[in-house]
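Geometric and topological summary
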Amino acid sequence: MAAVPQTRADESDQPNTYSVTPSQMVQGGVGLWQTPTARMMPEGALSMSYTDNQEYRFMSVSLQLFPWMEATARYTDVRTRLYSNVDDFSGDQTLKDKGLDVKFRLWEESFYLPDISVGFRDFGGTGFFESEFVNASKAVGPFDFHLGLGWGHLGYQNDFTNPFCELRESFCERPDGFSGRGGKVDYQNFFKGPMAVFGGIEYQTPLEGLSLKAEFEGNNYQQDRAGALEQDSRWNFGAVYRWNNFDFSLNYQRGNTIGFGVSYKLNMHTVSQVKIDNPPREIQGIKPPENAAAVKRQKLYNDLRRHGGYVITDLEIDDEQATFYGLQTRYRDRNEGVERVGRILASELPESIQQYHLVEQSNNVPMVDTIIDAAKFREHATYSVPESSVEDTYRRVSPTQQQVDAYEPHRATGAFFSTKFFWTQTFGNPEDFYLYQIGLLSSVGYKFNEHLGIYGGIRTTLLDNFDKFNFTVDAEETFLPRVRTRVREYVSGPMVILDTVFMQWSDRLADNWYYQGYGGYLETMFGGVGGEIMYRPIDSNFAFGVDINYVKQRDPDSTTGFIDYSAVTGFASAYYQPEFLPDTRIRASVGQFLAKDRGINIDFAKRFDSGIVVGAFASFTNVSSEEYGEGSFTKGFYVSVPLDLFILQPATGRGQFPWVPIARDGGQMLNRPVQLIGVTEMRSPFLD
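Please read these numbers as outputs of a predicted model, since none were measured by experiment. The residue count restarts for each chain, going from 1 along the sequence in the order it is written. Per-residue local features of the predicted model are confined to residues with pLDDT of at least 70, and side-chain atom pairs are confined, for both listing and counting, to 80 or more; whole-chain, interface and lining totals are unaffected and use all residues. Heavy atoms throughout the structure, all of them, feed into the side-chain values; hydrogens and water do not.

1. A short note on the overall build of the chain
Where we set the bar: Here a strand is any run of E in DSSP of at least two residues, a helix any run of H or I of at least four, and the numbering for each starts at the N terminus. By definition, residues are in contact when any of their heavy atoms lie within 4.5 Å. When charges are counted, neither His nor the chain ends are considered; positive counts come from Lys and Arg and negative counts from Asp and Glu. Working definition for charges: the position is that of NZ of Lys, CZ of Arg, CG of Asp or CD of Glu.
Scanning the chain from N- to C-terminus turns up 8 helices and 30 strands. Taken along its principal axes, the extent of the C-alpha atoms in the chain is 90 × 65 × 50 Å. Pairs at least 24 residues apart make up 58% of the contacts formed inside the chain by residues separated by at least 6 positions. Positive and negative charge centroids in the chain, built from 64 and 88 side chains respectively, lie 3 Å apart.

2. Quick look at the pairing of strand β26 (residues 584–592)
What counts here: At least two bridges found by DSSP between two strands are what make those strands a pair.
Strand direction decides the pairing type here: strand β25 (residues 562–576) and β26, joined by 7 bridges, are antiparallel. Among the inter-strand pairings, Y575 is bridged to a residue of β26, identified as R587. The loop that links β26 with its antiparallel partner strand β27 (residues 598–607) comprises 5 residues; one of these, K596, has a positive phi angle of about 70 degrees.

3. Quick notes on helix α3 (residues 334–348)
The condition that has to hold: How far a helix is expected to stretch is found by multiplying one less than its residue total by 1.5 Å. A simple rule labels every residue: compare its accessible area, found with a 1.4 Å probe on the protein chains alone, to the largest value its type can have, and call it buried under 20%, exposed over 50%, or partly exposed in between. Throughout this description, a polar contact denotes any pair of N or O atoms lying within 3.5 Å of each other; where both atoms belong to protein, one of them has to be capable of donating a hydrogen while the other can accept it, and for residues adjacent in sequence the pair is counted only when both atoms sit in side chains.
For α3, which comprises 15 residues, the first-to-last C-alpha distance of 21 Å matches the rise-based estimate of 21 Å (1.5 Å per residue) to within 8%. Extensive coverage of α3 is indicated by the burial of 12 of its 15 residues. Between the side-chain oxygen at the start of α3 and the backbone nitrogen of N335 there is a gap of 3.1 Å, and the oxygen is on D333.

4. Thoughts on the state of the cysteines
Inclusion rule: Cysteine sulfur pairs qualify as disulfides if the two atoms are within 2.5 Å.
Applying the stated criterion to the full structure yields 1 disulfide. Sulfur-sulfur distance for the disulfide between C165 and C172 comes to 1.6 Å. Judged by the sign of its S-S torsion, about 70 degrees, the bond between C165 and C172 is right-handed. The buried category is assigned to C165, whose relative accessible area is 18%. Judged by its relative accessible area of 27%, C172 is partly exposed.

5. Topic: the confidence of the model for the chain
For clarity, the threshold we go by: Looking at any residue, its pLDDT shows the predictor's confidence there, from 0 to 100.
Summarising the model, the chain shows a mean pLDDT of 90, and 95% of its residues fall at 70 or more. pLDDT under 50 marks residues 1–17. Its contacts with residues more than four places away, or in other chains, come to 31 contacts.

6. Here we look at the sheet that holds strand β17 (residues 394–397)
What counts is decided by this rule: Here an angle of 0 to 180 degrees is reported between the N-to-C directions of two axes, which are lines fitted to C-alpha atoms, with helices fitted over the stretch in contact.
Strand order in this open sheet of 5 strands is β13-β14-β15-β16-β17, and the pairing throughout is mixed. Only two strands of the sheet have a single neighbouring strand rather than two, namely β13 (310–317) and β17. Each strand of the sheet is rotated relative to its neighbour by a mean of 25 degrees, with strand direction disregarded. Alignment of β13 against strand β14 (residues 321–328), held across 7 bridges, turns out to be antiparallel. By the bridge assignment, L315 is partnered in β14 with F324.

7. Regarding the environment of V385
Mapped onto the elements, V385 comes out in the loop between α4 (374–381) and β17. V385 sits in the partly exposed class, given a relative accessible area of 35%. In sequence terms V385 and G667 are 282 residues apart; their C-alpha atoms lie 56 Å from each other.

8. Observations regarding the packing of α3 against α4
Packed helices, taken two at a time, are described by the angle between their axes plus the distance between the axes. We apply this condition: Angular relationships are summarised with four words: roughly parallel below 35 degrees, roughly antiparallel beyond 145, roughly perpendicular across 65 to 115, and oblique for the angles in between. Three classes are used: nonpolar for Ala, Val, Leu, Ile, Met, Phe, Trp, Tyr, Cys and Pro, charged for Asp, Glu, Lys and Arg, and polar for all others, with Gly counted as polar.
Between α3 and α4, the least distance of the axes is 10 Å, while the angle of their chain directions is 105 degrees. Looking at the two axes, α3 sits roughly perpendicular to α4. Residues V338, E339, G342, R343 and A346 of α3 form the contact with α4, whose participating residues are F377, R378, H380 and A381. Along the lines of polarity and charge, the residues of the contact of α3 with α4 split into 4 nonpolar, 2 polar and 3 charged.

9. What about the packing of aromatic side chains?
Worth spelling out the cut-off: Think of it this way: a Phe, Tyr or Trp ring, Trp meaning its six-membered ring, pairs with another when their centres are within 6.5 Å, and the plane angle makes it stacked under 30 degrees, edge-to-face over 60, tilted otherwise. Only when the NZ atom of a Lys or the CZ atom of an Arg is both within 6 Å of the ring centre and within 35 degrees of the ring normal do we say a charge sits over the ring.
Scanning the entire structure with this criterion turns up 34 aromatic pairs. Between F143 and F145 the ring centres are 6.1 Å apart and the planes differ by 25 degrees, which places this aromatic pair in the stacked class. Linked through ring pairs, F120, W151, F164, F171, F190 and F191 together constitute an aromatic cluster. Geometry around Y221 places R254 over its ring, the cationic atom sitting 5.0 Å from the centre.

10. Let's talk about the pattern of salt bridges
Our working rule: We count a salt bridge whenever a side-chain nitrogen from Lys or Arg sits within 4 Å of a carboxyl oxygen from Asp or Glu.
In total, this model carries 34 salt bridges according to the counting rule given. Residues R39 and E109 are paired through a salt bridge, measuring 2.8 Å at the closest nitrogen-oxygen approach. Linking R39 in the segment before β1 (45–53) with E109 in the loop between β4 (94–107) and β5 (115–121), this pair joins segments that are 70 residues apart in sequence. Judged by its relative accessible area of 1%, R39 falls in the buried class.

11. Section: the nonpolar core
Nonpolar side chains in soluble globular proteins generally cluster together in the buried interior. As a reminder, the rule being used: We call a set of buried Ala, Val, Leu, Ile, Met, Phe, Trp, Tyr and Cys residues a nonpolar core when their side-chain atoms join them within 4.5 Å.
Within the largest apolar cluster, 30 residues are counted, with the highest numbers of intra-cluster contacts made by M367, V483, L522, F526, V551, L594 and L670. Of all the secondary structure elements, the ones that give two or more residues to this core are β16 (365–373), β22 (513–521), β23 (526–535), β24 (542–554), β25 and α8 (676–679). Residue contacts for M367: discarding those within four places in its chain leaves E360, Q361, S362, P399, Y514, I538, V679, T680, M682 and R683. Of all hydrophobic cores here, the second largest spans 26 residues; its members include Y310, V341, A346 and A381.

12. Notes on the packing of helix α2 (residues 297–308) against α3
Note the threshold: It is the rotation of the near helix from the far one that decides the hand of a crossing: anticlockwise by less than a right angle makes it left-handed, clockwise makes it right-handed.
It is the contact of α2 with α3, at a shortest axis distance of 9 Å, that shows an interaxial angle of 155 degrees. If you check the angle between α2 and α3, you find them roughly antiparallel. Note on packing geometry: the crossing formed by α2 with α3 is right-handed. Contacts between α2 and α3 involve K299, L300, D303, L304, H307 and G308 on the former and, on the latter, R340, V341, I344, L345 and E348. Class assignment for the residues of the contact of α2 with α3 results in 5 nonpolar, 2 polar and 4 charged.

13. Some words on the sheet that holds strand β8 (residues 195–204)
Here 12 strands make up a closed barrel; going around it, the order is β1-β2-β3-β4-β5-β6-β7-β8-β9-β10-β11-β12 and the pairing antiparallel. Going across the sheet, the axis of each strand differs from the next one's by a mean of 20 degrees, ignoring polarity. In terms of strand pairing, β1 meets strand β2 (residues 56–66) through 8 bridges, oriented antiparallel. Bridge pairing in β2 places D52 opposite R57.

14. With respect to unusual backbone geometry
Of note in the backbone geometry, E387 takes a positive phi value of approximately 50 degrees without being a glycine. Relative to the helices and strands, E387 is located in the loop between α4 and β17. For D583, which is not a glycine, the phi torsion comes out positive at approximately 60 degrees. Assignment of secondary structure puts D583 in the loop between β25 and β26.

15. Considering the side chain of D52
Relative to the helices and strands, D52 resides in strand β1. At 3.4 Å, the side chain of D52 forms a polar contact with the side chain of Y50. Those residues in contact with D52 that lie beyond four places of it in its chain are R57, R79, I258, G259 and F260.

Encoded structure:
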């Protein structure tokens, strides 16, 4: 009998209510051992796995982006092959390969019908395990049955003639895998060549946490990247033991090979951190001052900062309304911030005040006015209205021109200093699989007035293993200027380097319109001048911006010098949060890249309830894959994590962890130090 899916609140402990909980296969992604199933993890589930199967070691991360879509990224270590065919270059480093898989659910299991999914494996890599499949899964008591059809790597047993071959002869043969350059999506290979049946069964034993899996696979192992492998049986067997958030597996494959693995899972919707914090202020029984003149302003400043996380830079109070210019620095959740600030205001301002205006600013530019209805808020805070919500007590609007003109921050000029850790990492290098650099980024600045300032950053390396580099620039022939492939020269220099120094002017142009101009050393590899303008309405699903920059490439052997390469680069960018894909944002930027190639960069980001954002991006330009080089086109992934998931106190801010499989010179964007999409984030929040 088909099970009814649980609500999200329960999914952190139990992925679903099927008797057999889905587990990861050897190469990552929900499956048996070598074959996928139609099952999905709960939305937001993340599984990180390591498996060892004699010739191969796999490290994978699988993410359930939506209830109907699973994505898997994988590194494969091929123990029987060296990193390259040049022994001096490879050393003792074995061959490493990156792969991407996706799986989509076409039909969700019902009482009579099974889960049905379609998937594509290794579609964006070198084709080590390139394959397509359609499969079905059906639960019956403690058993879960699976049956599928596979092409490519999953179909080399060639059980029967590919039916698509009857429609078109080109489907009869499949081009060889191992494309070498990698990166391209070989659409023309989909569902071509031999096909085979695969499937199996899972059994949840009476012993809690222990399940058994048996599969019948469709690969014959004669075209594997590790070489032709002996296969004594198409049946694979094994067990999975679940303990807390870990899965431990042991398997016997091909009738001659023992394998093992471990995976760790969490749910990015429900992951959280216990907080040590005082509850919001109780206002019942508190008598507020009689008029504005009786307000103790210094106490109000202190209480808003200490207990509400709201730092005031300017304010206006009369007997009917109060306006507080400032910034929420502690509470990432908007409702919690309003709740705490509102209770402080309700207890320390006279009842004659009808509205509280919280005008938040960024870069000394008023961005959003949160208007709290004082009477409604008091009813909510004193529990006078049953089941009231703080969301019903306020609304967000754009600041009026009068508010903008009246804003006079207490400190519009002066110097500041801050320090934070940075962490640079790269995987799959010939020198070592994992190379890293850890250090401090010290930021300094001086504001000349509300809009103009000078800013800089000094990068100090504390620990790294970049000394393992055996080359600074690859020997590959390139058709493009080396705008990024010289990166090793920039990151392996002195322990202390000048990262950025630039001047910036920013201001509001009109309601919903913002602009900035900047110039200096804008990033590690480039300096120059530029400007940007952005249209961003309050709480809108759409924003639009244009930037243009003239840049020169910095000299890696000089702190302040440049080399003889310059470019004009800039983009028209549209940002869209589609209602049909909740909690997602799509950015499309059209323009000219650093290497003077032209095209589009697309960024897709998904936000989970915890505040974690997972994103992917890719650039498609007028440069062919052959001219681009290894990887075929620029692409990458990132995870943005809120700071308060790591600490016991509420906090704003976040850190970003990027992963760019291969960075070459085409499709590369300038890493501008300040971008208006970030400056104006509070206008229509996506990250928080």
